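As a plain string of letters, each chain reads:
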Amino acid sequence: MRLLNSCTREMKFFLSDADIPPYAILSHTWGDEEVTHKDWKTLSWPEAASDGLEWVWIDTCCIDKASSAELTESINSMFRWYRAAAVCYVYLADVPRNLRLTTIEKKLAKSRWFTRGWTLQELIAPHEVIFYSYDWHKVGTKSELSACISTITGIDETYLNGANLQSASVAQRMSWAARRQTSRTEDVAYSLLGIFDVSIPLIYGEGHKAFQRLQEEIMRAYPEDHSIFAWGTVVPRFSRYARTEAEVLGEEALAWKAGDDDSLLGLMAQSPKDFEQSGQFMCHRYAKTFFRGWDLPLTAPIVIGSSVRLDLPFCNVGPPFAICHGDSRLRKARLRRVDTAVLVCGRPNGKRFQFVQIPLLSCAGGFYGRTRELVVSDVIAEPQVNYGMLDDWRRQLVVERQPQYRPQTGDIVLRRLVSFMSRAESFSAENIDIALDDGFIKALAPTQGILTLLAFEFDQVAGLALTISRVGENAEDGNGNLYFSILPINTSLVEAEDEAQDDEMQEDESEESEESKAPTPTPTRSPSPKPEPLQFKTKHEAYYYLWYHWQTVPYRREMALPTDTWVIPESPHIPKVRIVTERAYLDDDPEQPVDIVDIIITATGADWSRGRWRPEYEQGKGGTPEEGASARTRE
């Protein structure tokens, strides 16, 4: 550590911490030009000398930035140096002297010093901080002005007065830097190393990746503090929910909104600015117990590229679909499945503790993406939601950033894919990219005939399979008509028939043994043949049959242009299926066709006792956590 002698202007290097004498620190914001290590001989510092401190430390003078090794060591040690200082003198070049109590907060709030990234640790770390006006008149100390500074910075007074920073959650500490700026992008992260007591290598030139590396290091240091994911816009209810059953079932149009970006975000924030509304979020008192239980030991978040894999309580406490607004060239909204991850952190609200909820939208591959919204409400709050329930809801998730879907000519956009049956499997032809959760089917090369097969399961023996094909003269160019084929499946019919055949064989053997004792009778009639329905021993056998016989199964239809609707009424053998197709064009250009499709499978009869696709809309509300958890179990 280098220190500057306040009297002789001598610069001296101290190798061991034990040899470092008492020293003061100068904190300030430079103008257009800052004093560097080369300019230290021009400085004078009378305040330190008058206070009996022979040595001072100034960041820009006492660090040789020409040495990358020294710069890295200094930045990683800076918070500790501030903490060990006898006093920190803060020079406010834009604050006048003789401030009145009624105006001091307003004047300090306008000071540039409270907006800079590096000055955050200069405010928090030293035990004693003295503020001076532009002409070196004392304004006050940190302890004297703590209430005023707390209002300006959002930092609780307890931490200004020396409380252990480890007691503050990651989200709270990030919120302190939300409105601060640095000259270099990387310094947004580097200036927070001491606040979180972590160290990372300095790589100037990496830009925003520095803040991502900081978050990864924080996850390793505080694996049970998931408030690091509690960033964004705080709302009482997710704004993208499909609010009515009519919107989901296609009885009401999905309104498209211009300027609503359809891209999804990952769990990690882009900068401390994302935590501006997170200053009240604290870890739940049982957070460490939750993540360090004997039955499910602590699993630290794992970062791979832009994705984060971690364990979180996962439930469904609201409507199961969100409305996503697509590309402006198509101007069509579509539904996307939405679930809820619960962070074991939140904010007190009277006698309740409101947990932070992150709405997660389903993506292809079993991944999830999030928006900027955080839901904080009494729906997921103590006492109705307790520690045991959160533990029961716990599961492993992978959340990653998803770019906005850009439709291309010939794409099939799944505006609605709604079914009370769970979606079991999907198959696609070669050169077909199918992403059901993302809502599109894309032909990577000219394709005619069958494109994909979707399988739905009602239970272990019953279900339904559906194929989507493209037919017609211009099918390969994406201009052909869509062709749908549907095959209801019930493998229990085969099992029942096999049992009946076994019974008949036993009866025949018994009759033969008796008839062998009597003369053979003359036959009087021949048995009448019965129609043979399509029966399969396994569901996969049915899927393969439909794949190769999609043009001959009983339920099939070629959809007309530009719009068409096909409704199969509900019966004991098949639920109600409603398919709607609509031909749209990118930028209203007839040479760029895109097909919009609704596939809605519902049932209300006794034969489909679990046919209600979700109970929430029937109640006219989002349901309770217990109902959401049971609905998730049924699915």
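Model, not experiment: these values are computed from the prediction.

### Focus: the sheet that holds strand β24 (residues 481-490)
- Taken together, the five strands give an open sheet; going across it, the order is β19-β22-β23-β24-β25, and neighbouring strands pair in antiparallel fashion. With partners counted over all chains shown, the strands left at the sheet margins are β19 (422-428) and β25 (555-558), one partner each. The sheet shows a mean angle of 15 degrees between the axes of neighbouring strands, taken without regard to direction.
- Direction of pairing for β24 relative to β25: antiparallel, over a ladder of four bridges. By the bridge assignment, Ile 486 is partnered in β25 with Tyr 555.
- Lying on the sheet, helix α16 (residues 539-548) is in contact with β19, β22 (449-457), β23 (462-471) and β24; it crosses β22 at an angle near 155 degrees.

### Digging into the pattern of salt bridges
- Enumeration over the complete set of coordinates arrives at 23 salt bridges.
- Taking the shortest distance from any N to any O, the salt bridge between Glu 206 and Arg 213 comes out at 2.5 Å. The exposure classification of Glu 206 matches that of Arg 213, with both residues buried.
- Here Arg 415 makes a salt bridge to Asp 598, at a shortest N to O gap of 2.9 Å. Of this pair, Arg 415 sits in strand β18 (residues 412-419) while Asp 598 sits in strand β28 (residues 593-602); the two residues are 183 residues apart in sequence, bridging distant segments of the chain. Just as Arg 415 is buried, Asp 598 falls in that class too.
- One network of salt bridges, with partners in common, ties together Lys 332, Arg 415, Arg 416, Glu 582 and Asp 598.

### Observations concerning the packing of aromatic side chains
- Counted under the stated rule, the structure contains 19 aromatic pairs.
- Here the aromatic rings of Tyr 132 and Trp 136 are separated by 5.3 Å at their centres, their planes lie at 55 degrees, and the arrangement is tilted.
- Here Tyr 132 falls in the buried class, since its relative accessible area comes to 7%.
- Between Tyr 159 and Trp 176, the ring centres sit 5.6 Å apart and the planes meet at 50 degrees, which makes this aromatic pair tilted. With Tyr 159 in helix α7 (residues 157-160) and Trp 176 in helix α8 (residues 170-176), this residue pair connects regions lying 17 residues apart in the sequence.

### Some remarks on the sheet that holds strand β21 (residues 440-443)
- Read across the open sheet, the six strands follow the order β20-β21-β18-β28-β27-β26; overall the sheet is mixed. Since the sheet does not close on itself, it has two edges, and those belong to β20 (432-435) and β26 (563-568), each with one partner. In this sheet, neighbouring strand axes are inclined to one another by 15 degrees on average, regardless of whether the strands run parallel or antiparallel.
- Relative to β28, strand β27 (residues 576-585) runs antiparallel, the two being bridged by ten bridges. Bridge assignment links Arg 583 to a residue of β28, and that residue is Asp 595.

### A few points about helix α11 (residues 209-221)
- Across its 13 residues, α11 extends 19 Å between first and last C-alpha, which sits within 8% of the 18 Å expected from 1.5 Å per residue.
- Taken residue by residue, α11 has Ala 210, Phe 211, Arg 213, Leu 214, Gln 215, Glu 216, Ile 218 and Met 219 as its buried positions.
- The secondary structure elements touched by the buried residues of α11 are α8, α9 (187-190), α10 (193-196) and β10 (302-304).

### Overview of the side chain of Arg 173
- Structurally, Arg 173 is set in helix α8.
- For Arg 173, which is buried and forms no salt bridge, the nearest opposite charge comes from Asp 225, at a distance of 5.1 Å.
- Polar contacts involving the side chain of Arg 173 include one to the main-chain carbonyl oxygen of Ile 195, which spans 3.1 Å.
- Other than its neighbours up to four places away in sequence, Arg 173 contacts Leu 165, Gln 166, Ala 168, Ile 195, Phe 196 and Tyr 222.

### Some thoughts on the nonpolar core
- Grouped together as the largest cluster of nonpolar side chains are 96 residues, with contacts concentrated most on Tyr 23, Trp 57, Phe 131 and Leu 214.
- The element contributing the most residues to this core is helix α3 (residues 68-84), with six residues.
- Those residues within four positions of Trp 57 in sequence are excluded, and the remaining contacts are Met 1, Arg 2, Leu 3, Tyr 23, Ala 24, Ile 25, Leu 26, Cys 62, Ile 63, Met 78, Trp 81 and Tyr 82.
- Counting 47 residues, the second largest nonpolar core, distinct from the first, contains Phe 420, Ile 450, Ile 468 and Phe 484.

### Notes on the pairing of strand β1 (residues 2-5)
- Neither face of β1 is open: one carries Arg 2 and Leu 4, the other Leu 3 and Asn 5, and all of them are buried.
- As paired strands, β1 and strand β2 (residues 11-13) are joined by three bridges and run antiparallel to one another. Paired with Arg 2 across the strands is Phe 13, a residue of β2.
- In this antiparallel pair of consecutive strands, β1 and β2, the connection spans five residues, and Arg 9 shows a positive phi of 65 degrees.
- The pairing of β1 with strand β4 (residues 55-57) spans two bridges and is classified as antiparallel. Residue Asn 5 lies in a different strand from β4, and its bridge partner there is Trp 55.

Rules used in this analysis
Residues numbered from 1 in each chain as written. Predicted model: local features only at pLDDT ≥ 70, side-chain atom pairs only at ≥ 80, totals over all residues. Heavy atoms only, no water. Pairing = 2+ DSSP bridges. Helix = DSSP H or I, 4+ residues; strand = E, 2+ residues; numbered from the N terminus. Axes fitted to C-alpha atoms, helices over the stretch in contact; angles between N-to-C directions. Contact = heavy atoms within 4.5 Å. Salt bridge = Lys/Arg side-chain N within 4 Å of Asp/Glu carboxyl O. Buried < 20%, exposed > 50% of the residue type's maximum accessible area, 1.4 Å probe, protein only. Phe/Tyr/Trp six-rings, centres within 6.5 Å; stacked < 30°, edge-to-face > 60°. Expected span 1.5 Å × (residues − 1). Lys, Arg positive; Asp, Glu negative; His and termini not counted. Polar contact = N/O pair within 3.5 Å; in protein donor to acceptor, adjacent residues only side chain to side chain. Core = buried A, V, L, I, M, F, W, Y, C linked by side-chain atoms within 4.5 Å.

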